[in-house]
Amino acid sequence: MIPYLLRILVKAVVTIFAIVSVTFIATRMSGNPIDTFLGDGLTAEGREELIRYFQLDRSLGEQYLAFLRGALSGEFGLSFVDRRPVTEVVAERLWPSAQLLLASVVFTILVSIPLGVLAAIYRKSWVGSAVMVIAFAGYAVPSFILAIVMILTFSYWLNWLPVVGNGTALHFIMPTIAMSGVLIAALTRFTRNAMLDVLGQDFIRTARAKGLGEARVVLRHGLGNAGVTVISVIGLQIAGLAAAGSVVVESIFSWPGIGQLLVNSAIGRDYPVLQFGVIAVAVAVVAINAVTDIAYALADPRIRLARS
Amino acid sequence: MASIADTAAPRRFRIGQTDLIQKIAIATALILFACALFAPLIAPYDPLAQSLLSRLRPPMGFDRYASGHYTGTDELGRDVLSRALYGLRLTLTLAFAGAVIGLAIGGTLGLIAGLRRGWVEDTIMSLVDMQIAIPFTLVALLILSLFGSSLTVLVLVLGIAGWEQYARIVRAEVRKLGALPFIEAARAAGAGPVYTARHHVLPNIVSPLVVQFTLAVSNIVILESTLSFLGLGVQPPQPSLGSMVGLGRDYMPTAPWIVLTPAALIVALTFSVQILGDWLRDRADVRLRDR
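This one's a predicted model, so the numbers in the text were calculated from it and none came from an experiment.

**Remarks on the interface of chain A and chain B**
If you look at the interface, chain A gives 49 residues, while chain B gives 40 residues. Looking at the side of chain A that touches chain B, the elements that each hand over two or more residues are helix H1 (2-29), helix H7 (126-140), helix H8 (143-157), helix H11 (214-252), helix H12 (258-268) and helix H13 (271-299) of chain A. It is H11 of chain A that provides the largest number of residues to the side of chain A that touches chain B, a total of ten residues. A class-by-class count of the residues in the side of chain A that touches chain B yields 34 nonpolar, ten polar and five charged.

Right, dumping it as structure tokens:
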């Protein structure tokens, strides 16, 4: 058990280290950041001063070490745009993103688990096929198209829902659905497969044989056991998908979260913010993955025995 | 991390058993490929030609329809259908190029990992795990912002996007094949690793790779459209389906056709290509069916 946990932790740390290194290398490979950003209207002395200030006159190796030291003590530099620490700029975007993420995950679970169970029970009838078509559509329709079509329908034509911002509960409806499309597709499919696996096993036949009602067999014995797999999928898949989805959805709906900040920084070339934002989100995803892995191993002894 | 992620790999199911759906989808995919290939011949107008006298005209069948502009014109009087056809051409070209690059990188690394074992394999598979763990859209944002959104950079980004899937498939197939007697026989007969790979392993892993390639095309279409929609992919005035949707957003209340035409093409493309991928999977090697 301990070696298994250690391996998960080492892997997470190595991945985070790799992300930090890659973002550093990518940023430096694209040229001198001062020239890229402040190309015109900068005097030669001013340029020299800035280069010294940001220590760009040192060797790449030294810069890299300095960057790592800064990263370890939580210093990632100042935003080019509003001259505040990037950590501060990103931190104030955290709560709106978290709200949208939470709403999407709750919505996804409420929709996907019943759908997945239905698809497993009625896998040979049209109900099962219909559910699978919905799940398939979730993959094939990109979230920005889902968002655009919803905006056209519910905001411009029917005038029911607001498009911009996160002021009221109504503001949550379209962004949440747009974020959830892919998540629902993924989770429904996994719930169905996990249920099919469990429902084919001997203890389910035993439960039926001893006269339990079908609802109890499916929900208590079936979903109860499939649940572990399903929860791990929520942790592993959803974190990455949601991070990618929030970038698109937040910028469409002008949601004041990290995703919108990243797109704006990418277009406006605010590299310090973009660099730290990517690192922060990637670290969050890796951390969620590691925690899920550990929880999964704790919940199911077969897994940790099989893997250590 | 690896083995839970294994079950979490994007693996599409078949939608229904209806052959009709598959036939329609395959026909749609072929028509779209043909439209992309012959866009210069079938597009009624030059996609960049502006006509300021007929701006924001609606599609056929509506008031103020400008004859010949079947799905209307945009804010500069450019023909939406022609732009969408050229956009489709560019989007599909990028998707194929990206899928080929991904195949080249992932296939090579997967082959090495499967044949060499040991620390080489461990390193490559750790890279695969990392690629899976990091949300790629964010990496794409960073790279495109740093290196500019030229088509070269974009193709490379799209190529890196899916390499890990090929690597996993090739490695798994190679390991499975490596245990089979005919590979052992080839080795015993004195075949080197390169010879074994080319003549005994590659012919046996073609079909799973074709399936993965098809699904990758669809995934890359989505990624490219999304990046172009955000303004970080294909740059104006060159039309891509995603950037048409992105730029047309401002005119949605009054001229929704600017957005809906390319959006419909994107959805038709991703749907039909994914179903095509499923169909190929069904037809591929029997061993694939239970994976």
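**Here we look at the packing of H7 of chain A against helix H9 (residues 170-199) of chain A**
Residues and elements named next belong to chain A. The contact between H7 and H9 brings their axes to 7 Å, and the two run at 135°. Compared by their axis directions, H7 and H9 come out oblique. The two elements H7 and H9 meet at a crossing, and its hand is left-handed. Each of Val131, Ala135, Gly138 and Tyr139 in H7 lies in contact with H9, whose residues at this interface are Gly181, Val182, Ile184, Ala185, Thr188 and Arg189. Its residues assigned to classes, the contact of H7 with H9 comprises six nonpolar, three polar and one charged.

**Thoughts on the confidence of the model for chain A**
Chain-level statistics for chain A give a pLDDT mean of 82 and a share of 91% at 70 or above. Across chain A, element-level confidence peaks in H8 of chain A with a mean pLDDT of 91 and bottoms out in helix H14 (residues 301-307) of chain A with 59.

**A few points about the confidence of the model for chain B**
Residues and elements named next belong to chain B. On average, residues of chain B score 83 in pLDDT, and 91% of them reach the 70 mark or higher. Averaged over each element, pLDDT in chain B is lowest for helix H1 (residues 2-7) (41) and highest for helix H4 (residues 80-116) (92). In the model, residues 286-291 has pLDDT below 50 throughout and makes two contacts with residues more than four positions away in sequence or in other chains. At the level of chain-chain contacts, confidence expressed as ipTM amounts to 0.83, with global pTM at 0.85.

About the cut-offs
- Residues numbered from 1 in each chain as written.
- Chains lettered and ligands numbered in written order.
- Predicted model: local features only at pLDDT ≥ 70, side-chain atom pairs only at ≥ 80, totals over all residues.
- Contact = placed C-beta atoms within 7 Å.
- Helix = DSSP H or I, 4+ residues; strand = E, 2+ residues; numbered from the N terminus.
- Nonpolar A, V, L, I, M, F, W, Y, C, P; charged D, E, K, R; others polar.
- Axes fitted to C-alpha atoms, helices over the stretch in contact; angles between N-to-C directions.
- Parallel < 35°, antiparallel > 145°, perpendicular 65-115°, else oblique.
- Left-handed = near helix turned anticlockwise from the far one by under 90°.
- pLDDT = per-residue confidence, 0-100.

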